[in-house]
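What follows is the residue order along each chain.
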Amino acid sequence: MTIATTTSEHHEAHPDLRVWGLLTFLASESLMFGGFFATYLFFKAITPVWPPEGMEVELFVPTINTIILVSSSFVIHLGDVAIKKNNVKGMRLWYGITAIMGAIFLVGQVYEYTNLGYGLTTNVFSNCFYILTGFHGLHVFVGLLWMLNVLWRSRVPGHYSATNHTGIEMAEIYWHFVDIIWIVLFTLVYILNIF
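Conventions adopted
- Residues numbered from 1 in each chain as written.
- Predicted model: local features only at pLDDT ≥ 70, side-chain atom pairs only at ≥ 80, totals over all residues.
- Heavy atoms only, no water.
- Helix = DSSP H or I, 4+ residues; strand = E, 2+ residues; numbered from the N terminus.
- Buried < 20%, exposed > 50% of the residue type's maximum accessible area, 1.4 Å probe, protein only.
- Contact = heavy atoms within 4.5 Å.
- Areas by Shrake-Rupley, 256 points an atom, 1.4 Å probe, with all protein chains shown as cover.
- Lys, Arg positive; Asp, Glu negative; His and termini not counted.
- Charge placed at Lys NZ, Arg CZ, Asp CG, Glu CD.

Draft legend 1. Highlighting the overall build of the protein. Looking only at helices and strands, one finds six helices and zero strands in the protein. In the protein, the succession of α and β elements from N to C terminus is α-α-α-α-α-α. In terms of principal-axis extent, the alpha carbons of the protein reach across some 70 × 30 × 25 Å. Counting only residues that meet the buried cut, the protein has 41% of its 195 residues in that class. In the protein, 79% of the contacts between residues at least 6 apart in sequence involve partners at least 24 apart. Total accessible area on the protein stands at roughly 10,700 Å², and carbon and sulfur atoms take up 72% of it. Positive and negative side-chain charges of the protein, numbering 8 and 12 respectively, have mean locations separated by a distance of 13 Å.

This is the structure we're talking about:
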């Protein structure tokens, strides 16, 4: 029995649990974000004026960012549809566009940070704001790296195909998670502070 035979028998004996592992990881990340959201809502409930006077959040750039990020979920899905039709070039196109949209989101977030007029340690509100949006931004950055990794690996002929696309599906699932978290965050931190 050769090593190759042993390896192929080993892989046949065990199902591919990578997607399950990703879903488990995202469940744990959901709990962490849930804790951040609960903390934010707690401080909002016990503080007479939230956000404190003179510390309003800007709505224009985050709204544009929200449109870009939510739209990117539809775009990345087109990449998944393309690879399932064995269209690697189509997948590259849609993943490339999604990566650009993710990068624009991060640039918008940096622009927002530089124009707010308060920092991480100014007060409890600013601390909550930066931790929530920064932690989410970190997740967007990881998703962007993941997409770039998919694009890099797609250079190898046959690496992704209609029958071999787990890495592409996992990147899409992760990106949808990032979008869902942003919708909740945008609602809590930006929209609810208007009222």
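Draft legend 2. Here's a closer look at unusual backbone geometry. Following Trp50, the chain continues into Pro51 via a peptide bond in cis, with omega recorded as -5°. With respect to the helices and strands, Pro51 occurs in the loop between helix 2 (18-46) and helix 3 (60-84). At Asn86, a residue that is not glycine, the phi angle is positive and equals roughly 65°. With respect to the helices and strands, the residue Asn86 is situated in the loop between helix 3 and helix 4 (88-114).

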